[in-house]
Amino acid sequence: MIDYLKGKRWSDWTRDERFFCSVLYNLAKDDVTHFATIVKDYAGLSMAVSGDWDIGYEVSFYRDYLWQQGLKAAAYNVSSQRAFDLCLFGEHTLVIIEAKVYEAFSPRQNHEFGFDKDRLNKLPGLEKIDVRLVALASSTYFKNQKHFGRGNTLNVFDGRITWEQMYQVYKDPLLRQADEMYKATAGKWIP
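Here the structure is a predicted model, which is why all the values come from computation and not from measurement.

Points about the pattern of salt bridges
Counted according to the given criterion, the structure contains 11 salt bridges. The salt bridge involving Lys40 is made with Asp41; its shortest N-O contact spans 3.8 Å. Across the pair Arg176 and Glu164 runs a salt bridge, and its minimum N-O distance is 2.7 Å. Of this pair, Arg176 sits in helix H8 (residues 173-180) while Glu164 is found in helix H7 (residues 163-170), placing the two residues 12 residues apart along the sequence. Judged by relative accessible area, Arg176 falls into the partly exposed class, the value being 29%. Salt bridges here are not isolated pairs; linked through shared partners, they connect Arg82, Glu98, Glu112, Asp116 and Arg119.

This is the structure in structure tokens:
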């Protein structure tokens, strides 16, 4: 037992979406086509899921994609430091999944996500790729979003999925924990 963790594991304490995205990535990577189908269905995306699919975690897309082609991010006015939480790579579709656990999506962040969709289609070889943006967050967070009309910062997303939905598919309790941590009270949330 680790006293300073009050007999718990670090995974019981963390609120970091990267941790929970890594859990989801490890569950999804064994059958990426199945995961793509889940995302398509839950997020309400109209896209084909036939063909090959790949998945990436903490994807520094601009940096690595351009580097592999002998190009520099600066030449395309994109940040080499920009990373996407999860990416689904299909033959004709690129799905960017941006996740939150404890916090809300910010208007500034969402504005950048919208620019990413346009920027990606300007990169060599991606001009005809269908870029989709999906929000992954707590079911409580989405229920609290009363309206999705004009002015709502979540309108930049093509769809949304919840950690609870991912729990229902994969049955990993850490995914349910991620769903329950939104706006948890400091010092009082330990499963």
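From this point, the narrative continues.
Topic: the packing of aromatic side chains
Per the counting criterion, the structure on display carries 11 aromatic pairs. Within the aromatic cluster, the residues linked to one another by ring pairs are Phe105, Phe113, Tyr141, Phe142, Phe157 and Tyr182.

As for the environment of Phe35
Inspection of the secondary structure assignment puts Phe35 in helix H3 (residues 32-43). Its relative accessible area of 0% is what places Phe35 among the buried residues. Taking C-alpha positions, Phe35 is 9.7 Å from Val49, a pair spaced 14 residues apart along the chain. Filtering out sequence-adjacent residues up to four positions away, Phe35 remains in contact with Leu24, Ala28, Ile55, Leu88, Ile97, Met166 and Tyr170.

Concerning the packing of H7 against H8
Packing of H7 against H8 brings their axes to within 8 Å, and their N-to-C directions diverge by 165°. On the basis of their axis angle, the class for H7 and H8 is roughly antiparallel. Considering the relative orientation of H7 and H8, their crossing is left-handed. Residue-level inspection shows Trp163, Glu164, Met166, Tyr167, Gln168 and Tyr170 of H7 in contact with H8, the latter providing Pro173, Leu175, Arg176, Ala178 and Asp179.

Conventions used here
- Residues numbered from 1 in each chain as written.
- Predicted model: local features only at pLDDT ≥ 70, side-chain atom pairs only at ≥ 80, totals over all residues.
- Heavy atoms only, no water.
- Salt bridge = Lys/Arg side-chain N within 4 Å of Asp/Glu carboxyl O.
- Helix = DSSP H or I, 4+ residues; strand = E, 2+ residues; numbered from the N terminus.
- Buried < 20%, exposed > 50% of the residue type's maximum accessible area, 1.4 Å probe, protein only.
- Phe/Tyr/Trp six-rings, centres within 6.5 Å; stacked < 30°, edge-to-face > 60°.
- Contact = heavy atoms within 4.5 Å.
- Axes fitted to C-alpha atoms, helices over the stretch in contact; angles between N-to-C directions.
- Parallel < 35°, antiparallel > 145°, perpendicular 65-115°, else oblique.
- Left-handed = near helix turned anticlockwise from the far one by under 90°.

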